[in-house]
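# Architecture and fold: a report
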Amino acid sequence: MIAGIDLGTTNCAVAIWKDGKPELIPNALGDLLTPSAVSIDRSGQSWVGRAALDRMATHPEETVTSFKRRMGTQASTKLGKTTVRAEDLSAIMLRSMMDDVEHATGERPTEAVITVPAYFSERQRRATRRAGEIAGLDVKRLINEPTAAALAFGLHDREDREPFLVFDLGGGTFDVSIVEMFDGIIEVRASAGDNRLGGDDFNDALIRLVEPQLAHIKELEAVTPGKRKAMLTLAAEATRKALSSSAEADFAITLGDERHAVSVTTEAFEEEAAGLIKRLRDPVTRALRDSYIDAASLSEIVLVGGATRMPVVRKAITRMFGRFPNSTVHPDHAVALGAAIQAGLLSGGTDLEEIRVTDVAPFTLGIDVSDQDQFGNIQTGIFSPIIERNTPVPTSRAHSYSTMRDNQTTVEIGIYQGEARNVSNNIRLGDLKVKVPAKPAGQVEIQVRFTYDTSGLLEVDVDVPMTGWHKNLVIVDEEDKRSASEIKSSRAALEKLKVHPRDEEVNVVLLTRSQKLYEEFTGPTREAIGQWITQFTAVLEKQDPRMIADAREALTKALDEVEANPPI
Ligand code: ADP
Ligand code: MG
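For every chain, the first residue of its written sequence is number 1, and the numbers climb from 1 along that sequence. Think of it this way: whatever chain is written first is A, whatever ligand is written first is 1, and the rest follow in order. Local features in a predicted model are, by the rule used here, given only for residues with pLDDT of at least 70; side-chain atom pairs are given and counted only at 80 or more, and totals for whole chains, interfaces and linings are based on all residues. Side-chain numbers here rest on the full set of heavy atoms in the structure, without hydrogens or water.

## Section: the overall build of the protein
Per the secondary structure count, the protein includes 16 helices and 28 strands. Just to be clear, the radius of gyration here is over C-alpha atoms, and the globule rule we use is 2.2 Å times residues to the power 0.38. The C-alpha atoms of the protein give a radius of gyration of 26 Å, which matches the 24 Å a tight globule of 568 residues would have. When the backbone C-alpha atoms are referred to their principal axes, the protein occupies close to 90 × 55 × 50 Å. Relative accessibility thresholds used throughout: buried, under 20% of the residue-type maximum; exposed, over 50%; partly exposed, between the two (1.4 Å probe, protein chains only). Of all 568 residues assigned to the protein, the portion counted as buried reaches 53%. Within the protein, counting contacts between residues at least 6 apart in sequence, those at least 24 apart form 66% of the total. About 25200 Å² of surface is accessible on the protein, with carbon and sulfur atoms providing 49% of the total. A run of H or I in DSSP becomes a helix once it reaches four residues, and a run of E becomes a strand once it reaches two; helices and strands are each numbered from the N terminus. Contacts were defined at the residue level, with two residues in contact if any of their heavy atoms lie within 4.5 Å. Using a 1.4 Å probe, accessible areas were evaluated by the Shrake-Rupley method; residue-level cover was limited to the displayed protein chains.

And the structure:
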């Protein structure tokens, strides 16, 4: 079975193709979204999703979120005694979703379609593939998130459609794609984005806004920077969501038995977020320009991603396009559903045969060359594009180059991704040494062919026709090389982590939430929470499902009450 997975910065979702349609799979808590959060303690016990998110407040040093932002980098984090990179953390999320599918269908998926931001670089895509391998999945296809959303949107009525724009603002990334549907072909005309812009940044803006008013709270200085950050981020997240449905909301933190609240108005928040709102415009403009489509001829603006629920974002969109966005697709589900549709297409045997998807390369890919100027001086490090951004993929393009100096016997080719004229401002993906026969300058021809597949992975072929010399290179980024044995050892390390049995997950979540509240309060409330924890733990030990369910209900109610009416 091929699972369709939305591996988001903030939330993950998984769907499968079943009975002719995509179907979302709930996690152990019955939720369709699983927060992208992982926590590992010193004993190797691990928490994923909701429980991990609550542990962020009590154990920030053992917990991570938003790790997708570090995909494709060498950065590693130590959680408890376990050192993990972003791709290992992603693998943990993937594994948890495979568990969910196995639980729901009785079959564990061995293959997957995983979505990535259209604007993900080569390096980030490779890291995503490796995450799949570490999780023991054969990644059949990486598909761009807005393309997946377009599939879900396009498929709901299968009508031909004039170009529409998919606007996907998630927790950490922003993606724009312009898509057209005609005769069952879903064609992505252009994609652009900003992979450092999302709900997280709006949280930071909100924190900046309220921080001066929190300065007087002495207890806040006593908490560690890690906890302080976690606390403020969780509070900002809640306030920001509240601001989506009312004009004013409290930014509240509880320290000791005291609740400190700062009232935030929509206007103040919008003012603070103005810089971020401005940044939404750039990728939209670029995608329109690259596809030669003007905003007025777009048939729809399709919103995807949780952060598009913010009124300030919706207002900006309405202003930008002079009309209201479309909300037929569920902003949280569209990407996973689209991935499952792609999985259905790949596995055949569906009535989707007539549907095809064509996507584009999000970046320009090329090599570095030297050029002789009008005075005969040689300028080096100049970018020569081979596949220009927004070229439909898969694609294969070749360019010819010639030697620069007399009797040179090697040519070094640097392979780059980016848009800048000087390669030093682009991302270096790899390099290749080419052997050439010693001849006068300009007499040896070198052919460079770039082939870009549907998952956005690059292959380079170099030919020297004069000698028949040939080399093929599947780009393995030097900085980023991780051998098969390393992947194996990462996988083994993950397998050693202890996970809670699935049917205990709800209890684990309730306990982490209790512990979080226990830490927030002091005095009698804290004492009461402490006793509830003792009682609940005692009931769990009895292993009587009936009793556990009753106790769970009672504890949930009690915690809800404490949270709703904290002591002043
Ligand atoms: P990702 O694709 O990055 O995993 P999602 O599409 O799940 O992200 O969106 C997560 C973001 O959406 C978070 O920043 C979250 O705060 C924001 N979000 C979700 N619901 C709301 C809401 N009601 N109001 C404002 N922001 C929201
Ligand atoms: Mg997303």
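## Section: the site of ligand 1
As a matter of local geometry, ligand 1 sits amid 17 residues, with Thr10, Gly171, Glu237, Arg240 and Ser244 nearest to it. Think of a polar contact as two N or O atoms within 3.5 Å of one another; within protein, one of them needs to be a possible hydrogen donor and the other a possible acceptor, and neighboring residues in sequence only count if both atoms come from side chains. Backbone polar atom of threonine 10 to an oxygen atom of ligand 1: 2.8 Å apart, as the coordinates give it. Side-chain polar atom of arginine 240 to an oxygen atom of ligand 1: 2.4 Å apart, as the coordinates give it. Computed on the free molecule, ligand 1 has an accessible area of 570 Å², of which 90% lies beneath the protein chains in the complex. For the shell around ligand 1, the class distribution of residues is two nonpolar, 11 polar and four charged. An automatic or database domain assignment supplies the start and end points of every domain. Taken together, domain 1 (2-197 + 280-360) and domain 2 (199-275) each give at least three residues to the shell around ligand 1, which thus spans both. We call a residue near a molecule or strand as soon as one heavy atom of that residue lies within 4 Å of the molecule or strand. Gly is placed with the polar residues, together with every amino acid not listed as nonpolar (Ala, Val, Leu, Ile, Met, Phe, Trp, Tyr, Cys and Pro) or charged (Asp, Glu, Lys and Arg).

## Here's the deal with the pattern of salt bridges
Here, a salt bridge means any side-chain nitrogen of Lys or Arg that lies within 4 Å of a carboxyl oxygen of Asp or Glu. Applying the stated rule across the entire model yields 31 salt bridges. Here lysine 140 makes a salt bridge to aspartate 138, at a shortest N to O gap of 3.5 Å. One salt bridge in this structure joins lysine 433 and glutamate 412, with 3.9 Å as the shortest N-O distance. One end of the pair, lysine 433, is in strand 24 (residues 427-435); the other, glutamate 412, is in strand 23 (residues 410-417), with 21 residues separating them in the sequence. Taken as a pair, lysine 433 and glutamate 412 share a single burial class, namely exposed. Salt bridges linked by common partners bring Arg50, Asp54 and Lys516 together as one network.

## A short note on the sheet that holds strand 26 (residues 458-464)
Two strands pair if DSSP finds at least two bridges between them. Pairing is antiparallel in the open sheet, where four strands are placed in the order 22-25-26-27. Edge positions in the open sheet fall to strand 22 (395-402) and strand 27 (469-474), since each of these has one partner strand only. Neighbour to neighbour, the strand axes of the sheet diverge by 15 degrees on average, direction disregarded. Note: strand 22 against strand 25 (residues 445-452), eight bridges, orientation antiparallel. When the bridges of strand 25 are listed, serine 396 appears paired with threonine 451. Note on definitions: angles span 0 to 180 degrees between N-to-C directions of axes, and those axes are lines fitted to C-alpha atoms, for helices only across the stretch in contact.

## Points about the sheet that holds strand 13 (residues 174-182)
Spatially, six strands are ordered 17-12-13-14-18-21 in an open sheet, and the strand pairing comes out mixed. Of all strands in the sheet, those with a lone pairing partner are strand 17 (301-304) and strand 21 (392-393), marking the two edges. Bridge count between strand 13 and strand 14 (residues 185-194): nine bridges; the pairing is antiparallel. Looking at the pairing, valine 179 lines up with valine 188 of strand 14.

## A short note on the nonpolar core
The nonpolar core is taken to be a set of buried Ala, Val, Leu, Ile, Met, Phe, Trp, Tyr and Cys residues, with the residues joined through side-chain atoms within 4.5 Å. Grouped together as the largest cluster of nonpolar side chains are 49 residues, with contacts concentrated most on Phe167, Phe251, Ile253 and Val313. Here this core gets seven residues from one element, more than from any other, and that element is helix 5 (residues 199-214). Lining this core are residues from two domains, each supplying at least three of them: domain 1 (2-197 + 280-360) and domain 2 (199-275). The contacts of phenylalanine 167, once residues within four sequence positions are left out, are Phe174, Asp175, Leu280, Val284, Ile301, Val302, Leu303, Val304, Thr308, Val313 and Ile317.

## Topic: the confidence of the model for the protein
Overall, the prediction assigns the protein a mean pLDDT of 91, with 97% of residues at 70 or greater. Predictor confidence is given residue by residue as pLDDT, running from a minimum of 0 to a maximum of 100. Predicted confidence in the protein is weakest over strand 18 (residues 356-360), with a mean pLDDT of 84, and strongest over strand 4 (residues 34-35), with 98.

## Some points on the packing of helix 14 (residues 505-520) against helix 16 (residues 545-564)
Axis angle and axis distance: for two packed helices, these are the angle between their axes and the distance between the axes, and together they describe the pair. Relative orientation of the contacting elements helix 14 and helix 16 amounts to 30 degrees, with a least axis distance of 11 Å. Taken together, the axes of helix 14 and helix 16 lie roughly parallel to each other. At the point where helix 14 passes helix 16, the crossing takes the left-handed sense. Where helix 14 abuts helix 16, its residues Val506, Asn507, Leu510, Arg513, Ser514 and Leu517 lie against Ile548, Arg552, Leu555, Thr556, Leu559, Asp560 and Glu563. Its residues assigned to classes, the contact of helix 14 with helix 16 shows six nonpolar, three polar and four charged. Comment on the angle field: the value is read as roughly parallel under 35 degrees, roughly antiparallel over 145, roughly perpendicular from 65 to 115, and oblique elsewhere. Should the near helix be turned anticlockwise from the far one by less than a right angle, the crossing is termed left-handed; should it be turned clockwise, right-handed.

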